Amino acid sequence: MNAPLLELDNLQMHFPTRQGPLKAVDGISLSIQAGETLGLVGESGCGKSTLARALIRLHRPTGGRVLLDGQDITTLSDSALKPYRRRMQMIFQDPVAALNGRMTVGELIAEPLEIMNIGTPATRRKRVKDLLDKVGLGADAANRFPHSFSGGQRQRVGIARAIALEPELVVCDEPISALDVSIQAQIVNMLSDLKRDTGLAYLFITHDLSMLRHIADRIGVMYLGKLVEIAPSEALHVAPRHPYTELLWSAIPVPDPAARRDDAFETGEVPSPLDIPTGCRFHTRCPYASPLCKATEPPLKTGADGHGVACHHPLPSSPSTAQQEIEHA
Amino acid sequence: MTAPLLSLRDLRTEYRTDRGTVQAVRGVDLTLYRGEILGLVGESGSGKSVTCMSILKLLKRGGHITSGSADYDGTDLLRLSEGQLSRVRGDKIGVVFQDPMSALNPTMTVGRQVEEVLLQHRKISKKDARARAIELFKLVRIPSAETRIDNYPHEFSGGMRQRVMIAIALACDPDLLIADEPTTALDVTIQRQILALLKELRDRLGMAIILVTHDLGVIAETADRVMVLYGGQIMEEARVADLFEAPQHPYTRGLLAAIPDPRQSGGALTPVPGSPPDMRNPPSGCPFAPRCPKAMAICLTPPDLYGAGDALHLRPAQRTRCWLADPAVPAELMEAT
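Residues numbered from 1 in each chain as written. Chains lettered and ligands numbered in written order. Predicted model: local features only at pLDDT ≥ 70, side-chain atom pairs only at ≥ 80, totals over all residues. Heavy atoms only, no water.

In this structure, Gln-193 of chain B sits in helix H8 (residues 188–205). Judged by its relative accessible area of 2%, Gln-193 of chain B falls in the buried class. For Gln-193 of chain B, the residues in contact, after removing those within four places along its chain, are Ala-264, Phe-265, Thr-267 and Gly-268 of chain A together with Arg-163 of chain B. (Helix = DSSP H or I, 4+ residues; strand = E, 2+ residues; numbered from the N terminus. Buried < 20%, exposed > 50% of the residue type's maximum accessible area, 1.4 Å probe, protein only. Contact = heavy atoms within 4.5 Å.)

Take a look at the structure:
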């Protein structure tokens, strides 16, 4: 295996509050290979967006290390960070909301090139045209203002801006959550095409689990600041091993009335990140919890198949073994 | 067949804005029976929320109902005065919104807010109102109801706040609950809890529910019947099982192809090309025609809703607003554009 493009080593992001430290990200280790899409899921407050902001250094992590291509960038100053920024870009839920509304789409896309002193005004105009073409917007979009665009078109502008510097990693934070269903698939397919054509890697953060299966090579599941499971996408869907992943999966509404479930699904709520349970953080909601789970936090253990799980009592590792166990019971 | 609880006829609602008039709802008919869960599904701007908010005239600034009637149990709600309507809201019809935090009063305990609704609509003592509030909190499964009732909204999680909203909506035993994207702001595990709760409450209390959502998965899990809206009109209506098994309208088919099924492995999705119409200037014919893979010359003329149930109404109609569903269209008009 090649050296990873990005590596997080026990990354920590704590925020001081009056009620004590808010441990938004509490010791996460993972890696992303060049050209890979890593999906990250979890419910609100699990720390997935904080993790994204810490790893592209919008936050300065309070512990652990961020390595880009083997270089430790955890504590670099803004000026020392500049060459690395070019290699990591971010797409937001509504990219245009954060941008200057008085700039045309062309100016917005050219801005990163100007900041990095790349090209001449003429070559930048040519590059903007190419980028607009790549994201499926016509060249005439360059002279328009983003507020005149629909949500899907704005996300295309955000993507064009993010890939302008030819980054190796794009962090996508809920890029399709605000879009209409009929538009979501357009954007997901476009991101897949860009990855195929340019070999960039994504960290794709979403709460939409079923969409992740269509874009992620591997998926990590977060709960209260910890990574509880990480595995190749299909394995995680077909045979989740952490009880929390199993719970999340079973909660997804299935677009088929024949598969309707009428159980009460009383599975409790996520505890406050200011008051994290002892031991395994999920034990207060876990149907399989034992006294061990309350006392000791399980480490993330990764098997030879690349399937990692942090649980004292993980679920069977594949549907076939699950079937055997039912038969033996 | 019993009389419907609610009949909307030819509802038209528009919004006057600085940048023109938005034709949000353009002639919606809706029939709702007691005890049924009717799903209204559509994308942003389809008119699904405006349709159900028009029923109680809960429109944002600039909103006007320009025509139609809403016969509720023998009364046309659209002809009522504001004073008469305020007696219907919260009494005969309860409402749950997407964001409970903005619907609740942050400076008042949640118990007081339930009691206020009861005191406004019922001749009831303060003591009985409090007892009823605790009973309602238990009904919507808020743990430790007796103590939680004295908390303020910010002391609840998003899911628990939505349960408080449902308790308030149910305070006066309404026959109809309007739930406008009630789970959109919630996490997926909490969403399933709330949907299960709504179904359970319908079964126990027998009220009808209009469930507005953009999520076809939520419809499949929860609704009995569904109406698909696009461009301010009903594109298709059917029993839920029929809609998913045999969608008739090209828009419904496109939507179903564009969403991932969590039970199936990945691969490319099939998006619906193009963007939704600008409702300040909607297309003259079928609103979906500019994006429709089957668009024909005749689609520039507005189609009607075609199709019917059986004569005894044992099976409600599956109806489709599409020229392809009209048996009377002459063949020469059915040419692709």
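After presenting the structure, the write-up continues.
All names here are of chain A. According to the domain assignment, chain A contains domain 1 (6–87 + 167–328) and domain 2 (97–164). Placing the centre of domain 1 and that of domain 2 at their C-alpha centroids yields a distance of 31 Å. Contacts between domain 1 and domain 2 engage 14 residues on the former and twelve residues on the latter. Across the domain 1/domain 2 interface, buried area totals approximately 1100 Å², and carbon plus sulfur atoms make up 77% of it. Considering only the surface of domain 1 that becomes buried against domain 2, Lys-82, Met-190 and Leu-194 emerge as the three largest contributors, covering 38% of it. At the boundary of domain 1 with domain 2, the tally comes to zero salt bridges. In this assembly, domain 1 and domain 2 are joined by two residue pairs in polar contact (both at pLDDT 80 or more). Of all the secondary-structure elements, those providing two or more residues to the side of domain 1 that touches domain 2 are helix H2 (78–85) and helix H6 (181–198). Per-element accounting of the side of domain 1 that touches domain 2 gives the leading share, seven residues, to H6. Among the residues making up the side of domain 1 that touches domain 2, the classes are represented as nine nonpolar, two polar and three charged. (Domains from an automatic or database assignment. Buried area = accessible area lost by both parts, 1.4 Å probe. Salt bridge = Lys/Arg side-chain N within 4 Å of Asp/Glu carboxyl O. Polar contact = N/O pair within 3.5 Å; in protein donor to acceptor, adjacent residues only side chain to side chain. Nonpolar A, V, L, I, M, F, W, Y, C, P; charged D, E, K, R; others polar.)

Inside soluble globular proteins, nonpolar side chains tend to come together where they are buried. Of all hydrophobic cores here, the largest spans 132 residues; its most connected members are Ile-159 of chain A together with Phe-137 and Ile-166 of chain B. Viewed by domain, this core spans two of them, domain 1 (6–87 + 167–328) and domain 2 (97–164) of chain A, each represented by three or more residues. Dropping the residues within four chain positions of it, Ile-166 of chain B is found in contact with Val-96, Val-140, Ile-194, Leu-197, Leu-198 and Leu-201 of chain B. Counting 35 residues, the second largest nonpolar core, distinct from the first, contains Cys-52, Met-53, Leu-77 and Leu-229 of chain B. (Core = buried A, V, L, I, M, F, W, Y, C linked by side-chain atoms within 4.5 Å.)

Residues and elements named next belong to chain B. One way to put it is that helix H7 (residues 158–170) packs onto H8 with a least axis distance of 10 Å and a crossing angle of 20°. Between H7 and H8, the angle is such that the two are roughly parallel. The handedness of the crossing between H7 and H8 comes out as right-handed. On the side of H7, the interface is formed by Gly-159, Gln-162, Arg-163, Ile-166 and Leu-170, while H8 contributes Ile-190, Gln-193, Ile-194, Leu-197, Leu-198, Leu-201 and Leu-205. Classifying every residue of the contact of H7 with H8 gives eight nonpolar, three polar and one charged. (Axes fitted to C-alpha atoms, helices over the stretch in contact; angles between N-to-C directions. Parallel < 35°, antiparallel > 145°, perpendicular 65-115°, else oblique. Left-handed = near helix turned anticlockwise from the far one by under 90°.)

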